[in-house]
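Below are the chains, spelled out letter by letter.
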Amino acid sequence: MSGRWSLVRRALSLVAVLGLWQALTSYDINLWLRFEQFPTVTEVARAFGDRISGDAYWQDLTDSLTRIVTGFALAAVLGVTVGTAVARSRIAADLLGPVLEVLRPVPAIALVPVAILLFPSNEQGIVFITCTAAFFPVMVSTRHAVRALTPVWEEAVLTMGGGRWRVLRSVALPGALPGILGGLSVGIGVSWICVISAEMISGEYGVGYRTWQDYTVVDYPGVFVGMATIGLLGWLTSTAVELLGRRLTRWLPRTESRPTTPVRRRPAPAVPPAATAVPLVRTAKERVRP
């Protein structure tokens, strides 16, 4: 029952936001923020219906999803591998640590000129930018999660005859899995930001490319269709990562707040006085039978 009410509240929040948007744009509210040039909800819905009936919309959707899945999968593998190596090996930390810390503050979208120079096609450059954007959140979360593990677990495996690979497989990766999943959740959001930006700058097809083209021709309903599409795609992929994480960490206790119903305790049954009376201690003569 609580899950049903949660869905109702979420739906009501979306309806309230759409209703406020419709009211502000329909009456051309112009206070400090200017809404007279914003398209209404009905105009965006009409443009969205026109877009999904054509092939170009689905082609853009397929291209963006292909880029994000490819780049994010590469970032997940590389991020977990490098993060684990840096956390468990002093040599890897000395060789890779300084390079990673210098490159980490550089925004992934700033690598567009580098991608254009390195790769022969724009498609490979966009995948590279997407992978770079998600790599650092995954790598950093993996590194911290592996370093935070209790040494007692590793010592127990070593005491029972396990080697370094057994420790890595049975202790390090399972113990660091919650932290790794947190990095993956952050990485998928950053990946969407960078893939859309890269498509706007140097892409051919894709949701970001189409949104920028709508802006250049002053098609504001089309711009909002692209924004809504990006939001839906980001929400679906983030939910997929979260569901995968829940499935992989079923052994973890869930700390979600759920309304609890107070348990009514039944009153203790009344005990008859005879049962509570202290039995008389019989004397030795009374215990002896004739």
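As a reminder, the structure under discussion sits directly above these lines.
Quick look at the structure, then. All figures in this text were calculated on a predicted structure; none of them were measured in a lab.

1. Description of the nonpolar core
Leu-100, Ile-129, Phe-135, Met-139, Leu-184 and Trp-192 are the most contacted members of the largest nonpolar core, which totals 44 residues. Only α2 (41-52), α3 (55-88), α4 (90-103), α5 (112-118), α6 (122-147), α8 (164-202) and α10 (220-248) provide two or more residues apiece to this core. With 12 residues, the single largest contributor to this core is α6. Residues in contact with Ile-129, not counting those within four places in the same chain, are Ala-108, Leu-111, Val-112, Ala-115, Cys-194 and Ala-198.

2. Considering the packing of aromatic side chains
Under the counting rule described, the total for this entry stands at nine aromatic pairs. Taken together, a centroid distance of 5.7 Å and an interplanar angle of 70° make the contact between Phe-35 and Phe-38 edge-to-face. For Phe-35, a relative accessible area of 18% corresponds to the buried category. Residue Phe-38 is classed as partly exposed on the basis of its relative accessible area of 37%. Their ring planes at 55° and their centres at 6.5 Å tell us that Tyr-205 and Tyr-209 sit as a pair that is tilted. The partly exposed category is assigned to Tyr-205, whose relative accessible area is 46%. Given the relative accessible area of 24%, Tyr-209 is considered partly exposed. Ring pairing ties together the aromatic residues Trp-21, Phe-35, Phe-38 and Phe-224, which thus form one cluster.

3. Section: unusual backbone geometry
With a phi angle near 60°, Val-218 is a residue other than glycine that sits in the positive phi range. Assignment of secondary structure puts Val-218 in the loop between α9 (207-216) and α10.

4. Here we look at the layout of surface pockets
To find the voids left in a structure, one rolls a probe of water-molecule size over its atoms. Taken as a whole, the largest pocket holds about 660 Å³ of empty space. In this structure, the largest pocket is lined by 17 residues; those nearest its centre are Leu-14, Leu-18, Ala-228, Gly-231 and Leu-232. Sorting the residues of the lining of the largest pocket by element identifies α1 (2-26), α2 and α10 as the ones contributing at least two each. Considering each element in turn, the lining of the largest pocket owes the most residues, eight residues, to α10. By residue class, the composition of the lining of the largest pocket is 13 nonpolar, two polar and two charged.

5. Here's the deal with the side chain of Thr-40
Assignment of secondary structure puts Thr-40 in the loop between α1 and α2. Its relative accessible area of 11% is what places Thr-40 among the buried residues. The residues contacting Thr-40, other than those within four sequence positions of it, are Gln-22, Thr-25 and Ser-26.

6. Remarks on empty space enclosed by the protein
Summed over the entire model, instances satisfying the criterion amount to one cavity of 30 Å³ or more. Quantified by volume, the largest cavity comes out at close to 50 Å³. Among the secondary structure elements, those contributing two or more residues to the lining of the largest cavity are α5 and α6. Of all the elements, α6 adds the most residues to the lining of the largest cavity, at four residues. Taken together, the residues of the lining of the largest cavity break down into five nonpolar, four polar and no charged.

7. What to know about the side chain of Thr-142
Position of Thr-142 relative to the elements: it lies in helix α6. With relative accessibility at 0%, the residue Thr-142 sits in the buried group. With sequence-adjacent residues up to four places away left out, Thr-142 is seen in contact with Gly-79, Val-80, Gly-83, Thr-84 and Ile-180.

8. Here we look at the environment of Trp-212
Along the chain, the position of Trp-212 falls in helix α9. For the pair formed by Trp-212 and Glu-199, sequence separation is 13 residues and the distance between their alpha carbons is 8.7 Å.

9. A short note on the packing of α3 against α10
The contact between α3 and α10 brings their axes to 12 Å, and the two run at 40°. One finds that α3 runs oblique with respect to α10. Regarding α3 and α10, the two cross each other, and that crossing is right-handed. Contact residues: α3 offers Tyr-57, Leu-61, Leu-65 and Phe-72, while α10 offers Val-225, Thr-229, Leu-233 and Val-241. Of the residues belonging to the contact of α3 with α10, the class tally is seven nonpolar, one polar and no charged.

10. A look at the pattern of salt bridges
The full count for this structure, using the stated rule, is eight salt bridges. Where Arg-51 meets Asp-219, a salt bridge forms, and the shortest distance between an N and an O atom there is 3.4 Å. Of this pair, Arg-51 sits in helix α2 while Asp-219 is found in the loop between α9 and α10, placing the two residues 168 residues apart along the sequence. Exposure remark for Asp-219: the relative accessible area of 27% places this residue in the partly exposed category. Arg-210 is the partner of Asp-60 in a salt bridge, and the nearest nitrogen-oxygen pair spans 2.8 Å. Taken as a pair, Asp-60 in helix α3 and Arg-210 in helix α9 lie far apart in primary sequence, 150 residues in all. Ionic contacts of the salt-bridge type, sharing partners, join the residues Arg-51, Asp-214 and Asp-219 into one network.

Rules and cut-offs
- Here the residue numbers are simple positions, counted from 1 along each chain's written sequence.
- Restriction of local features to residues with pLDDT of at least 70 applies here, the model being predicted, together with a cutoff of 80 or more for giving and counting side-chain atom pairs; totals for whole chains, interfaces and linings are based on all residues.
- Processing note: side-chain calculations cover all non-hydrogen atoms of the structure and skip hydrogens and water entirely.
- Definition used in this section: a nonpolar core is a set of buried Ala, Val, Leu, Ile, Met, Phe, Trp, Tyr and Cys residues joined via side-chain atoms within 4.5 Å.
- Exposed residues in this analysis have more than 50% of their type's maximum accessible area, buried residues have under 20%, and partly exposed residues fall in between, with area computed by a 1.4 Å probe over protein chains only.
- By definition, any uninterrupted DSSP run of H or I lasting at least four residues is a helix, any uninterrupted run of E lasting at least two residues is a strand, and each is numbered from the N terminus.
- Contact criterion: two residues are considered in contact whenever any of their non-hydrogen atoms come within 4.5 Å of each other.
- Under the pairing criterion, centres of Phe, Tyr and Trp rings, with the six-membered ring standing for Trp, must be within 6.5 Å; the plane angle then separates stacked pairs below 30 degrees from edge-to-face pairs above 60, leaving the rest tilted.
- Space inside and on the surface of the protein is sampled on a 1 Å grid over the protein atoms alone, with a cavity defined as a set of points where a 1.4 Å probe fits but cannot get out and a pocket as an open set with protein on both sides within 12 Å along at least 5 of 7 lines; lining residues have an atom within 4 Å of a point.
- Grid points are joined across faces, edges and corners, and a volume is the space filled by probe spheres set on the points.
- Three residue categories are used. Nonpolar comprises Ala, Val, Leu, Ile, Met, Phe, Trp, Tyr, Cys and Pro, charged comprises Asp, Glu, Lys and Arg, and polar comprises the others, including Gly.
- Geometry is summarised by axes, namely lines fitted to C-alpha atoms with helices restricted to the contacting stretch, and by angles between N-to-C directions that run from 0 to 180 degrees.
- An angle below 35 degrees is read as roughly parallel, one above 145 as roughly antiparallel, one from 65 to 115 as roughly perpendicular, and any other as oblique.
- When the near helix sits turned anticlockwise from the far one by under a right angle, the crossing is termed left-handed; a clockwise turn instead gives a right-handed crossing.
- For this analysis, a salt bridge means a side-chain nitrogen from Lys or Arg found within 4 Å of a carboxyl oxygen belonging to Asp or Glu.

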